[in-house]
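Coordinate analysis (summary)
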Amino acid sequence: TNHIGEILFEKNCGGDSECQDDLRVNLTFSNLTKLVVGLFHDVNVTVGVKNLGDDSYNTRVLIPFPLGLSYRKVTLAESNKRVTITCSTEENQRVVSCGVNRPLLRSNTTVVFLVSFHVAPMAELQTMLTLTVSVTSDNRGPSNPHMTSSASVSVLYSFYVTVTRLEESSKYHNFSSPDSRIRHMYKVINLDQRQIPLSIIFLIPHKLGNTSVWEKPDISSSQ
């Protein structure tokens, strides 16, 4: 026989019997100043939550995240009381929902936890990644500016390009030869999957002392 029961707990709402929690949240990028897509596989954010009011019921932190990131795990960093953190994402929704010691976050509790995201190698995050988190509860009290927090980090993109001098290039030049052409051939390969604009700079000596060496350089390339 299965028995289903309920565990009751006392509501600590102060002298006015109204549970008015006072939630605060803070978000940082865990000392990260630049995110290099293609080089960094993971990015961590540090979330701090405080309840300075009455007991808070079903406290949760919501972290929307952009395409190119995916939620990996949560790690409790520190707290002044015994708490548990559970995070999850709904299928096809780009929001991490973290329960903070649900169903009850006691008064004067402070907790810090790390949320890890995987960074896709081909993610397009523009030049800046900004995340904004919010904290809420079932107390349904008035919101305040401390219940949201944003953090930004600049984004760079790694690439792997090689430039190789080909054997067909000129190895020496005889100035007495009737053929005055000097040829240098290079192969440029983008070994990354990302398409990038690329500039190749050639430094060409025009003179050797007072003698002209290469007066009319002609640069051509394959498609």
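Quick notes on the rules
- Residues numbered from 1 in each chain as written.
- Predicted model: local features only at pLDDT ≥ 70, side-chain atom pairs only at ≥ 80, totals over all residues.
- Heavy atoms only, no water.
- UniProt positions renumbered as here; feature names shortened; annotations may be inferred.
- Pairing = 2+ DSSP bridges.
- Helix = DSSP H or I, 4+ residues; strand = E, 2+ residues; numbered from the N terminus.
- Axes fitted to C-alpha atoms, helices over the stretch in contact; angles between N-to-C directions.
- Salt bridge = Lys/Arg side-chain N within 4 Å of Asp/Glu carboxyl O.
- Buried < 20%, exposed > 50% of the residue type's maximum accessible area, 1.4 Å probe, protein only.

Looking at an unreviewed UniProt entry, the protein carries the name Integrin alpha-2 domain-containing protein, with the source organism given as Engystomops pustulosus. Regarding the protein, the relevant UniProt record gives this comment under Sequence similarities (unreviewed entry): "Belongs to the integrin alpha chain family." In the Subcellular location (unreviewed entry) part of its UniProt record, the protein is described as follows: "Membrane".

Another point: the sheet that holds strand β3 (residues 42–51). In sheet architecture, strand pairing relies on hydrogen bonds along the backbone and comes in two forms, parallel and antiparallel. Ordered by their spatial adjacency, four strands build an open sheet running β1-β3-β10-β6, and the pairing between neighbours is antiparallel. Every other strand in the sheet has two partners, leaving β1 (23–28) and β6 (69–79) as the edge strands with one partner each. Sheet twist, expressed as the mean angle between neighbouring strand axes with direction ignored, is 20°. Here β1 pairs with β3 via six bridges, running antiparallel. What sits directly across from Asn26, in β3, is Gly48.

All told, the structure shown has six salt bridges when counted by the stated rule. The salt bridge involving Asp42 is made with Arg72; its shortest N-O contact spans 2.8 Å. Pair noted here: Asp42 is in strand β3 and Arg72 is in strand β6, with a separation of 30 residues, a long-range link. Lys171 is paired through a salt bridge with Glu167; the nearest N and O atoms lie 3.6 Å apart. Look at Glu167 and you get exposed, because its relative accessible area is 63%.

Along the chain, Lys216 turns up in the segment after β16 (211–212). You can call Lys216 exposed: its relative accessible area is 74%. Taking the C-alpha atoms as reference, Lys216 lies 67 Å from Val135; in sequence the two are 81 residues apart.

Pairing is mixed across the open sheet formed by six strands, whose spatial order is β2-β12-β11-β5-β8-β7. The sheet terminates laterally at β2 (34–37) and β7 (85–89), the two strands that pair on one side only. Strand-to-strand, the axes of this sheet are offset by a mean angle of 25°, without reference to chain direction. Relative to strand β12 (residues 148–157), strand β11 (residues 128–136) runs antiparallel, the two being bridged by seven bridges. If you follow Val133 over to β12, its bridge partner there is Ser149.

Before going further, it helps to examine the environment of Ser222. Within the element layout of this structure, Ser222 appears in the segment after β16. Residue classification places Ser222 among the exposed positions, given a relative accessible area of 68%. C-alpha of Ser222 to C-alpha of Lys187: the two residues are 35 residues apart in sequence and 9.8 Å apart in space.

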